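# Residue-level structure breakdown
Here is how the chains run, residue by residue.
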Amino acid sequence: MSQERYLTFVRPMLQRSTFAPLLALILLVLINLIFTPNFARLEIRDGHVYGAIIDILQNGTPVILLATGMTLVIATGGIDLSVGSLMALAGAVAALALTRYDQGAAVAIIAGLMIATAAGAWNGLLVTRVGLQPVVATLILLVAGRGIAQSLTLDQKIRFEYPAFEFLGNGSLLGLPFPLFVAGGVFALVLLAERRTVLGMYVEAVGGNLRAARLCGLRVDAVRFAAYVVSGFCAGLAGLIATADIKEADVANCGLYLELDAILAVVIGGTMLTGGRARLVGSLLGALVMQTLTVMLQMRGVVTEHTLILKALVALAVCALQSPRIPELLRRWSTQEVRS
């Protein structure tokens, strides 16, 4: 490879935040198309589309929602470890509204979203007003959020049969799973706000240099607070979808470890953990990479323990492609090749 070719082709692609997750997603899809039987098979039954690809998109909806909110939080220099527990809390509140208090689907959805959004606001207050480190502040609700949900439900699974609410998790629109439209709508709104309003500039300024942003007169605390509120809302919506899908509130397992998948999706997508620009499209691709890998391993009968290890290795490889040292190593390699 000549140095000129490297400078004009390889380096610009490596500098794009979406290149690494997009490449990983394409490779995973190609591997599945070749080696996984029936991966590309799609069936239409009763007006609904079924198949492994549809399963990836539908089952990846909670991670996509979590990664959308998490991207804003991480871009402002924070982190939210509580989103998995907020999923369980929102699902528990919605299920209780349906069963114990005999409310309709609309009230249950609003109640679940309100409690999760309020929890996100609590995280924001701890970070901005109390001055706690984001890891510590959100770790509190990581533990307490699921504990509150277990207390409300008496640590029991709450079954329900409410078709209007169940539609949120397993309904269909235009032959496709309804959760895809919910996650797509939320993602599009956040992306539009980040790209077409001052939100993106404020988030990047706060995450890039907190002190400089404050000296420039930006309302730093308001921006960081808003990021946690959005993260809480997205977690609540993800929890409602997961609860409606299985027709029960399972507070012990709902959202368990999904905060880790969301963080990995954001990091794979190119948003730096130190803060800076929010790479929302990259986070979406990162979430799809994680879910595609999960479905691929499940279809090939890989045990859960090995699945976690392989997911970690893929995340490491994709993040390594985004390391600033990789372009430098390639530049040195290409220079040595030219000299030889």
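Residues numbered from 1 in each chain as written. Predicted model: local features only at pLDDT ≥ 70, side-chain atom pairs only at ≥ 80, totals over all residues. Heavy atoms only, no water.

Once that is clear, we can look at the overall build of the protein chain. Along its length, the protein chain carries 16 helices and 6 strands. Per element, the accessible surface of the protein chain, about 16,700 Å² overall, is 64% carbon and sulfur. (Helix = DSSP H or I, 4+ residues; strand = E, 2+ residues; numbered from the N terminus. Areas by Shrake-Rupley, 256 points an atom, 1.4 Å probe, with all protein chains shown as cover.)

For the rest of this paragraph, the subject is helix H8 (residues 163-170). Buried within H8 are the following residues: Phe 165, Glu 166, Leu 168 and Gly 169. The buried residues of H8 all sit within an arc of 140° when viewed along its axis, so they share a single face. Those residues of H8 that are exposed and angled more than 90 degrees off the buried face are Pro 163 and Ala 164. Where H8 is buried, its residues touch helix H3 (52-59), helix H5 (83-99), helix H6 (105-130), helix H9 (178-196) and helix H12 (220-246). (Buried < 20%, exposed > 50% of the residue type's maximum accessible area, 1.4 Å probe, protein only. Arc of directions from axis to C-beta. Contact = heavy atoms within 4.5 Å.)

This part takes up the nonpolar core. Burial of nonpolar side chains together is a common tendency in soluble globular proteins. Residues Leu 65, Leu 66, Met 70, Phe 165 and Leu 237 are the most contacted members of the largest nonpolar core, which totals 78 residues. Of the residues forming this core, the biggest block, 12 residues, is contributed by H5. Not counting chain neighbours up to four residues away, the residues in contact with Leu 66 comprise Val 83, Met 87, Cys 234, Ala 235, Ala 238, Leu 258 and Ala 262. (Core = buried A, V, L, I, M, F, W, Y, C linked by side-chain atoms within 4.5 Å.)

The next thing to look at is the packing of aromatic side chains. Across all of its chains, the model carries 2 aromatic pairs by this definition. Each ring, one from Phe 167 and one from Phe 178, has its centre 4.9 Å from the other, and the planes form 45°; the classification is tilted. Taken together, the residues span a long stretch of sequence, with Phe 167 in helix H8 and Phe 178 in helix H9 at a distance of 11 residues. The partly exposed category is assigned to Phe 178, whose relative accessible area is 21%. (Phe/Tyr/Trp six-rings, centres within 6.5 Å; stacked < 30°, edge-to-face > 60°.)

What follows deals with the pattern of salt bridges. Scanning the model with the defined rule gives 5 salt bridges in all. In this structure, the salt-bridge partner of Glu 166 is Lys 247, at a minimum N-O distance of 3.8 Å. Within this pair, whereas Glu 166 is found in helix H8, its partner Lys 247 is found in the loop between H12 and strand S6 (248-249), the two being separated by 81 residues in sequence. By relative accessible area, which is 7% here, Glu 166 ends up buried. Of the charged contacts, one joins Arg 195 and Glu 194 as a salt bridge, the two residues approaching to 3.3 Å between their closest N and O atoms. (Salt bridge = Lys/Arg side-chain N within 4 Å of Asp/Glu carboxyl O.)

Let us look at unusual backbone geometry. Apart from glycine, the bulk of residues carry a negative phi angle, and the bulk of peptide bonds sit in the trans form. A positive phi angle, near 60°, is found at Leu 154, a position not held by glycine. Here Leu 154 lies in the loop between helix H7 (134-152) and strand S3 (158-159). Leu 154 sits in the exposed class, given a relative accessible area of 63%. Although it is not a glycine, Asp 155 sits at a positive phi angle of roughly 60°.

This part is about the packing of H8 against H9. Running from N to C, H8 and H9 cross one another at 70°; their axes reach a closest spacing of 6 Å. Regarding the angle of H8 to H9, the classification is roughly perpendicular. Of the residues in H9, those touching H8 at Phe 167, Leu 168 and Gly 169 are Phe 178, Pro 179 and Val 182. Broken down by class, the residue content of the contact of H8 with H9 amounts to 5 nonpolar, 1 polar and no charged. (Axes fitted to C-alpha atoms, helices over the stretch in contact; angles between N-to-C directions. Parallel < 35°, antiparallel > 145°, perpendicular 65-115°, else oblique. Nonpolar A, V, L, I, M, F, W, Y, C, P; charged D, E, K, R; others polar.)

What follows is about the packing of H6 against H12. The geometry of a pair of packed helices is captured by two quantities: the angle between their axes and the separation between those axes. Packing of H6 against H12 leaves a shortest axis separation of 7 Å and a crossing angle of 150°. Classified by the interaxial angle, the pair formed by H6 and H12 is roughly antiparallel. As H6 runs across H12, the sense of the crossing is right-handed. Here the contact of H6 with H12 is built from residues that sort into 12 nonpolar, 8 polar and 3 charged. (Left-handed = near helix turned anticlockwise from the far one by under 90°.)

Turning our attention to the side chain of Ser 231. Structurally, Ser 231 can be placed in helix H12. Under the relative-accessibility criterion, Ser 231 is labelled buried at 1%. A distance of 2.9 Å separates the side chain of Ser 231 from the side chain of Asp 80, its partner in a polar contact. When neighbours within four sequence positions are excluded, Ser 231 is seen to be in contact with Gly 69, Met 70, Val 73, Asp 80 and Val 83. (Polar contact = N/O pair within 3.5 Å; in protein donor to acceptor, adjacent residues only side chain to side chain.)

Bringing the pairing of strand S2 (residues 48-51) into the picture now. By the bridge criterion, 4 bridges tie strand S1 (residues 42-45) to S2 in an arrangement that is antiparallel. Within S2, the position partnered with Glu 43 by the bridge is Tyr 50. Hairpin connection, S1 to S2: the antiparallel pair is bridged by 2 residues, and Asp 46 has positive phi, about 55°. (Pairing = 2+ DSSP bridges.)

Turning to a nonpolar patch on the surface, a few remarks are in order. Residues Leu 22, Leu 23, Ile 26, Leu 27, Leu 30, Ile 31, Leu 33, Ile 34 and Phe 35 make up a contiguous nonpolar surface patch of about 820 Å² in total accessible area. Mapped onto the secondary structure, Leu 23 falls in helix H2 (residues 19-35). Taking relative accessible area as the criterion, Leu 23 reaches 32% and is therefore assigned partly exposed. (Patch = residues over 30% accessible without salt bridge, like charges linked within 9 Å, V, L, I, M, F, W, Y side chains within 5 Å.)

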